[in-house]
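Understanding the architecture of this molecule
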Amino acid sequence: MTVLSEKSGGARAAFTAGALRCAPVALGVLAYGLVFGALAQQAGLSLGETAFMSAIVYSGSAQFVALGLWTLPPPVLALAVATLLVNFRFFLIAATMGRVLKGWPLLRVLAALPWVTDENWAVTMAEGERRHWGAFFLGTGAVLYVTWPTASLLGHALGAVVADPKAWGFDFAFTAVFMTLAVGLARKHRAPLVWLASAAGAFLADRVLAGGPLGASVPVLVGGLAGALAAALRSGDSDAR
Amino acid sequence: MRAEVLLAFLAMAAVSYGIRLAGYLVGGRMHEHPRLRAALDQLPAAILIALVVPIVTRGGPAEWLAAAVVAALAWYVDMLLIPLAAGVVAVVVLRGFL
């Protein structure tokens with residue numbers, strides 16, 4: 001009995017811990033949501049449509065690209081293809097979620113998957129394996145899932161509050177978040193060959209593509225796969241020894 | 001809500017969901033092989049580095065210096081908010097000077 005109550009209490013504590021860990025990241029999401037809402041209003045989306053889009057598509061990078069393609073009636077196929085190109089990095093990101101959601105029933109996994117985004121995934125991975133890791137992930141996801149549609153709605157209603165995110169350094173906020181979490185992971189597990197392969201892969205892919213909708217995903221894919229390949233080769237070496 | 005707008009959003013949502021589901025399922029399969037599992041274990045760090053490198057290298061001296069500030073702080077301080085806030089302040093100040 002005590003074990004049971006301890007178990008659910010532990011999950012709740014992990015959920016709260018995840019939400020708190022992700023709170024600083026939510027500030028960046030808030031700033032970008034305000035910008036997105038203002039741009040959506042300029043593109044002709046209604047308040048309800050803007051909030052609904054953020055709640056159901058729930059992907060900042062794909063939504064910004066969609067505004068660039070927006071016409072009436074909307075080009076559904078072009079929007080779907082653009083989303084595929086921009087969000088393909090989620091394939092790799094979701095591939096790492098098995099350890100986090102270990103032991104979960106399939107239905108709960110299916111319900112949790114939409115909450116996998118770059119930012120709260122990164123916070124979850126940086127936390128590292130822990131008890132109730134899945135609940136921790138849900139906490140990180142909940143904070144951002146409340147923030148993004150709310151901020152989009154506010155941005156639509158208020159107009160361009162944050163006209164130029166660059167002037168406030170907000171464009172650097174996610175870079176700083178990802179960097180901090182990468183350094184945290186690197187400190188726990190030293191694998192310089194993996195880091196080098198990943199950095200080189202991402203750099204080269206970015207240079208070759210030089211922007212465009214593919215730029216959001218392909219460097220991440222190439223870098224991530226290069227790093228993973230280096231890790232696989234290295235593990236093969238140590239097996240041989 | 002306009003029906004064609006709703007359809008566009010649903011299409012985008014379905015594509016995003018499909019990508020995540022496919023990744024999750026493939027990741028589960030990879031876990032069964034030791035060598036692929038080693039790759040999977042290093043994937044988070046590799047993805048994070050790959051997210052950062054294009055943005056920082058595309059920036060100028062202000063972004064490079066701010067990135068160095070973030071990396072140094074992140075190494076010593078185990079709290080997300082401090083390197084984050086320092087990085088944002090640093091990049092604003094440095095952009096004013098450089």
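Since the structure is predicted, the reported quantities are computational estimates derived from the model, not experimental observations.

What counts and how
Residues numbered from 1 in each chain as written. Chains lettered and ligands numbered in written order. Predicted model: local features only at pLDDT ≥ 70, side-chain atom pairs only at ≥ 80, totals over all residues. Domains from an automatic or database assignment. Contact = placed C-beta atoms within 7 Å. Helix = DSSP H or I, 4+ residues; strand = E, 2+ residues; numbered from the N terminus. Nonpolar A, V, L, I, M, F, W, Y, C, P; charged D, E, K, R; others polar. Buried ≥ 20, exposed ≤ 12 C-beta atoms within 10 Å, placed from the backbone. Core = buried A, V, L, I, M, F, W, Y, C linked by C-beta atoms within 7 Å. Axes fitted to C-alpha atoms, helices over the stretch in contact; angles between N-to-C directions. Parallel < 35°, antiparallel > 145°, perpendicular 65-115°, else oblique. Left-handed = near helix turned anticlockwise from the far one by under 90°.

1. As for the domain arrangement of chain A
Residues and elements named next belong to chain A. For chain A, the assigned domains are domain 1 (2-160) and domain 2 (190-236). For domain 1 and domain 2, the distance between their C-alpha centroids amounts to 24 Å. Contact residues are listed per partner, giving nine residues for domain 1 and seven residues for domain 2. If you list the elements that add at least two residues to the side of domain 1 that touches domain 2, you get α3 (60-69), α4 (76-87) and α5 (89-95). Considering each element in turn, the side of domain 1 that touches domain 2 owes the most residues, four residues, to α4. Of the residues belonging to the side of domain 1 that touches domain 2, the class tally is six nonpolar, two polar and one charged.

2. Some words on the environment of Leu84(A)
One can find Leu84(A) in helix α4. Taking the C-alpha atoms as reference points, Leu84(A) and Leu214(A), separated by 130 residues in sequence, lie 9.4 Å from one another. Residues within four places of Leu84(A) in sequence aside, it is in contact with Val15(B) and Ile19(B).

3. Focus: helix α7 (residues 118-127) of chain A
Residue and element names in this part refer to chain A. The buried fraction of α7 amounts to ten of the ten residues, a majority that puts the element mostly inside the structure. Looking only at α7, the buried set comprises Asp-118, Glu-119, Asn-120, Trp-121, Ala-122, Val-123, Thr-124, Met-125, Ala-126 and Glu-127. Directly beyond the C-terminal end of α7, a positive phi value near 80° is found at Gly-128.

4. Considerations on the environment of Trp64(B)
All names here are of chain B. Structurally, Trp-64 is set in helix α3 (residues 61-76). By C-beta crowding, Trp-64 is classed as partly exposed, having 14 other C-beta atoms within 10 Å. Ignoring any residue separated from it by four or fewer positions in sequence, one finds Trp-64 in contact with Val-56 and Gly-59.

5. Quick notes on the domain arrangement of chain B
By the assigned domains, chain B splits into domain 1 (1-58) and domain 2 (59-98). Each of domain 1 of chain B and domain 2 of chain B has a C-alpha centre, and the two are 27 Å apart.

6. Notes on the nonpolar core
Generally speaking, nonpolar side chains in soluble globular proteins are found buried as a group. Of all hydrophobic cores here, the largest spans 111 residues; its most connected members are Val177(A), Phe178(A), Ala182(A), Leu48(B) and Ile49(B). Element by element, the count of residues in this core is highest for helix α1 (residues 2-43) of chain A, at 15 residues. When sequence neighbours within four positions are dropped, the list of residues in contact with Leu48(B) reads Ala122(A), Phe178(A), Leu181(A), Ala182(A) and Leu185(A).

7. Quick notes on the interface of chain B and chain A
With 61 residues of chain B at the contact, the number on the chain A side is 72 residues. For the side of chain B that touches chain A, the secondary-structure elements that each account for two or more residues are α1 (3-30), α2 (34-58), α3 and α4 (81-97) of chain B. With 22 residues, the top contributor of residues to the side of chain B that touches chain A is α2(B). Across the side of chain B that touches chain A, the residue classes tally to 48 nonpolar, eight polar and five charged.

8. Brief notes about the packing of helix α2 (residues 47-56) of chain A against helix α8 (residues 133-158) of chain A
All names here are of chain A. In the contact formed by α2 and α8, the axes pass within 8 Å of each other and the chain directions differ by 155°. By the angle class used here, α2 and α8 are roughly antiparallel. With respect to the hand of their crossing, α2 and α8 are arranged in right-handed fashion. Residues Leu-47, Thr-50, Ala-51, Ser-54 and Ala-55 of α2 form the contact with α8, whose own contacting residues are Trp-148, Pro-149, Ser-152, Leu-153, His-156 and Ala-157.

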